[in-house]
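Breakdown of the fold
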Amino acid sequence: MLDKDPNDPSPNQPPPPATAADAPAAAAPAPEPVKLTDDPDYGPFFKMMAVKVPRGAIEIKMQQKGLDPAMLDKDPNDPSPNQPPPPATPAAAPAVAAAVPAPEPVKLKDDPDYGP
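None of the values given here were measured: they were computed from a predicted structure.

Definitions and cut-offs
Residues numbered from 1 in each chain as written. Predicted model: local features only at pLDDT ≥ 70, side-chain atom pairs only at ≥ 80, totals over all residues. Heavy atoms only, no water. Salt bridge = Lys/Arg side-chain N within 4 Å of Asp/Glu carboxyl O. Helix = DSSP H or I, 4+ residues; strand = E, 2+ residues; numbered from the N terminus. Buried < 20%, exposed > 50% of the residue type's maximum accessible area, 1.4 Å probe, protein only. Polar contact = N/O pair within 3.5 Å; in protein donor to acceptor, adjacent residues only side chain to side chain. Contact = heavy atoms within 4.5 Å.

A separate point is the pattern of salt bridges. Counted according to the given criterion, the structure contains 2 salt bridges. Salt-bridge contacts for Glu 59 lead to Arg 55; the nearest nitrogen and oxygen are separated by 2.8 Å. Pair noted here: Glu 59 and Arg 55 are both in helix α2 (residues 55-64), with a separation of 4 residues, about one helical turn. Linked through salt bridges whose partners overlap, the residues forming this network are Arg 55, Glu 59 and Asp 73.

Along the polypeptide, Ser 80 turns up in the loop between α2 and α3 (92-99). For Ser 80, a relative accessible area of 3% corresponds to the buried category. A distance of 3.0 Å separates a polar side-chain atom of Ser 80 from the backbone nitrogen of Asn 82. Beyond its immediate chain neighbours, meaning those up to four positions away, Ser 80 contacts Val 34, Lys 35, Leu 36, Asp 39 and Tyr 42.

Have a look at this one:
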């Protein structure tokens, strides 16, 4: 230590806090879309079609529930129009982290372990 410049940063410095910019961007996998047959609103009506309930009766029941009977014409494995919203991403976090200045490093001459 004696051969180092006293104005160099101290080796006892804690590492700087990690920021969102330092972390690798881990893209969250997109959630699997909900199929019409798995949708809690439309699924029962596709089951009714599977057990041969008359289509007219199914359409009337759908209209009573405020659903579009034209959905019965779609493939049951198509994505439902009632998809859950995507998970919230912490987009504001990097801006806040970038606004906080990093603390000044302690100089070797001012470090209580190495200074006078």
